Amino acid sequence: MALLEIGVGVFMSAIMLAVLFLIVKLIRDTRATMKKQNDQKD
């Protein structure tokens, strides 16, 4: 039973890390896109 809880804990941690990674990637992509749009205006 303890092993199952450890497995679930690791699984949840992996999901949280994946979500965090996706959010950071999205923010970086958004900032890059905004930068491109600003360059085009000038």
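Just above sits the structure.
What counts, and at which threshold
- Residues numbered from 1 in each chain as written.
- Predicted model: local features only at pLDDT ≥ 70, side-chain atom pairs only at ≥ 80, totals over all residues.
- Heavy atoms only, no water.
- Helix = DSSP H or I, 4+ residues; strand = E, 2+ residues; numbered from the N terminus.
- Buried < 20%, exposed > 50% of the residue type's maximum accessible area, 1.4 Å probe, protein only.
- Areas by Shrake-Rupley, 256 points an atom, 1.4 Å probe, with all protein chains shown as cover.
- Lys, Arg positive; Asp, Glu negative; His and termini not counted.
- Charge placed at Lys NZ, Arg CZ, Asp CG, Glu CD.
- Expected span 1.5 Å × (residues − 1).
- Salt bridge = Lys/Arg side-chain N within 4 Å of Asp/Glu carboxyl O.

A. Representation of the overall build of the protein in the model. Scanning the protein for helices and strands turns up one helix and zero strands. Dimensions of the protein, computed from C-alpha atoms along their principal axes, come out at roughly 60 × 5 × 5 Å. Put simply, the protein has 42 residues, and 0% of those count as buried. Carbon and sulfur atoms form 71% of the exposed surface of the protein, whose accessible area is close to 4300 Å². Each charge class in the protein was averaged separately, 6 positive and 4 negative side chains, and the resulting centres sit 6 Å apart.

B. The arrangement of helix α1 (residues 2–41) in detail. Between its first and last C-alpha, α1 extends 59 Å over 40 residues, near the 58 Å set by a 1.5 Å rise per residue. Counting buried positions along α1 gives zero out of 40 residues, so the element sits mostly on the surface.

C. The arrangement of the pattern of salt bridges in detail. This structure, assessed with the given rule, holds one salt bridge. The partner of Asp29 in a salt bridge is Lys25, with the nearest N and O atoms 3.6 Å apart. In this pair, Asp29 and Lys25 are both assigned in helix α1, four residues apart and thus about one turn of the helix distant. For Asp29, a relative accessible area of 41% corresponds to the partly exposed category. With relative accessibility at 43%, the residue Lys25 sits in the partly exposed group.

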